[in-house]
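Coordinate inspection notes
Residues per chain are reported as follows:
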Amino acid sequence: DVVQFIFGDSLSDVGNNNYLTKSLARAALPWYGIDFGSGMPNGRFCNGRTVADIIGDKMGLPRPPAFLDPSVDETVIAKSGLNYASGGGGILNETSSLFIQRFSLYKQIELFQGTQAFMREKIGRAAADKLFGEAYYVVAMGANDFINNYLLPVYSDSWTYNGETFVKYMVTTLEAQLRLLHGLGARRVTFFGLGPMGCIPLQRLLQRSSTACQESTNKLALSFNKQAGAVIKQLAASLPNATFQFGDVYDYFQDIIDRPYVHGFNNSHAPCCTLGKVRPTLTCTPLSTLCKDRSKYVFWDEYHPTDRANELIALETLKRLNITVVANTTST
């Protein structure tokens, strides 16, 4: 069985942070998960599925459980892989320290090394190496490094670097992390680039505008995508047997935001889950009110897209990466 290992932030978290009891970034309250399975919170920062959920489903891969899920054992890992993603996690260790507990990408890779040692002990080195060598790896990080680090003056990075040097610092760190994963046997790695971060409801609010995107923030995302894309291309060409791909749908996501009606939405600037005039409540809470039709909103809360937006982003990503869709599942 081919499985996948997922590394990321709140866009891919499937419950790790819910087990980090001191973390301030948790999707443990209603209305998270309202359109997923039982409708109860499941640790996803969304009303439904993540982009990684949908891409994996379409490829016919099992959904990996959260690394911290207590029911995980060697059988589960061999059958489904694992998801190390953590809300607030960043490429840089210092990112989102305000959230107290979260796994940075280095920490997630360290946990993955532990998983490898565990599996070698349980199923033998040959079987474990085969499992890890054939698996798919998804890495989707970087937004928090801007939103919960560089763009907040409480972090020293915001005055140590300028936009250009900060992006370079991030990309250099990311390159070392991807080389580390390759050294641990990861061969099929897809890195997802950033979307238009300046268009998330929170960023619009910070510039006191409900309609205009924060262009300076979007420029940072574009600059990061350009440099990260170049690094991944170079690694794919130079590392042995590396099928490294860069998934970039920035322009497509920007088009959904700019022309929501064309894509079947009627709101691309406000969150569906909100306390109305009292904004921003950073997460969706039981006190929040929900929009009338969740499939018509691009954003679920101040940061994260809805299930429907994630589905369009996932399908476009599959198309651009030339990945064959084997399963026509629409399961939650």
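Okay, so let's go over this structure.

Each value, and the rule that gives it
Residues numbered from 1 in each chain as written. Predicted model: local features only at pLDDT ≥ 70, side-chain atom pairs only at ≥ 80, totals over all residues. Heavy atoms only, no water. Helix = DSSP H or I, 4+ residues; strand = E, 2+ residues; numbered from the N terminus. Polar contact = N/O pair within 3.5 Å; in protein donor to acceptor, adjacent residues only side chain to side chain. Contact = heavy atoms within 4.5 Å. Phe/Tyr/Trp six-rings, centres within 6.5 Å; stacked < 30°, edge-to-face > 60°. Buried < 20%, exposed > 50% of the residue type's maximum accessible area, 1.4 Å probe, protein only. Lys NZ or Arg CZ within 6 Å of the ring centre and 35° of its normal. Axes fitted to C-alpha atoms, helices over the stretch in contact; angles between N-to-C directions. Parallel < 35°, antiparallel > 145°, perpendicular 65-115°, else oblique. Nonpolar A, V, L, I, M, F, W, Y, C, P; charged D, E, K, R; others polar. Salt bridge = Lys/Arg side-chain N within 4 Å of Asp/Glu carboxyl O.

Take the side chain of Ser-10 next. Within the secondary structure, Ser-10 is located in the loop between strand S1 (4-8) and helix H1 (16-19). Within polar-contact distance, the side chain of Ser-10 engages the side chain of His-304 at 2.6 Å. When neighbours within four sequence positions are excluded, Ser-10 is seen to be in contact with Phe-45, Ser-86, Gly-87, Gly-88 and His-304.

Take the packing of aromatic side chains next. Inspection of the entire model under this criterion finds 20 aromatic pairs. A ring pair is formed by Phe-146 and Phe-166, whose centres lie 5.6 Å apart and whose planes are at 70 degrees; its orientation type is edge-to-face. A residue pair is termed long-range when its members are at least 10 positions apart, and Phe-146 in helix H6 (residues 143-150) and Phe-166 in helix H8 (residues 163-183) qualify at 20 residues. Judged by relative accessible area, which is 0%, Phe-146 ranks as buried. Residue class for Phe-166 comes out buried when judged on its relative accessible area of 0%. An aromatic cluster of at least three residues, connected via ring pairs, comprises Phe-146, Tyr-150, Tyr-161, Phe-166, Tyr-169, Phe-191, Phe-224 and Phe-246. Over the ring of Tyr-136 we find Arg-188; its NZ or CZ atom is 4.1 Å from the centre of that ring.

Glancing now at the packing of helix H4 (residues 105-123) against H8. Contact geometry for H4 and H8: axes closest at 11 Å, N-to-C directions at 5 degrees. In terms of axis orientation, H4 runs roughly parallel to H8. The segment H4 lies against H8, with Leu-105, Tyr-106, Ile-109 and Phe-112 engaging Thr-173, Leu-174, Ala-176, Gln-177, Leu-180 and Leu-181. A class-by-class count of the residues in the contact of H4 with H8 yields eight nonpolar, two polar and no charged.

Tallying each qualifying case throughout the model produces 16 salt bridges. Asp-53 is paired through a salt bridge with Arg-63; the nearest N and O atoms lie 3.9 Å apart. Of the two residues, Asp-53 is situated in helix H2 (residues 51-58) and Arg-63 in the loop between H2 and helix H3 (74-80); the sequence distance between them amounts to ten residues. Look at Arg-63 and you get partly exposed, because its relative accessible area is 21%. Between Arg-320 and Asp-251 there is a salt bridge; the shortest N-O distance is 2.8 Å. With a gap of 69 residues between them, Arg-320 in helix H12 (residues 307-320) and Asp-251 in helix H11 (residues 250-258) connect regions that are remote in the sequence. When its relative accessible area of 37% is taken as the criterion, Arg-320 is described as partly exposed. Each member of the salt-bridge network shares a partner with another, and the members are Arg-44, Asp-53, Asp-57 and Arg-63.

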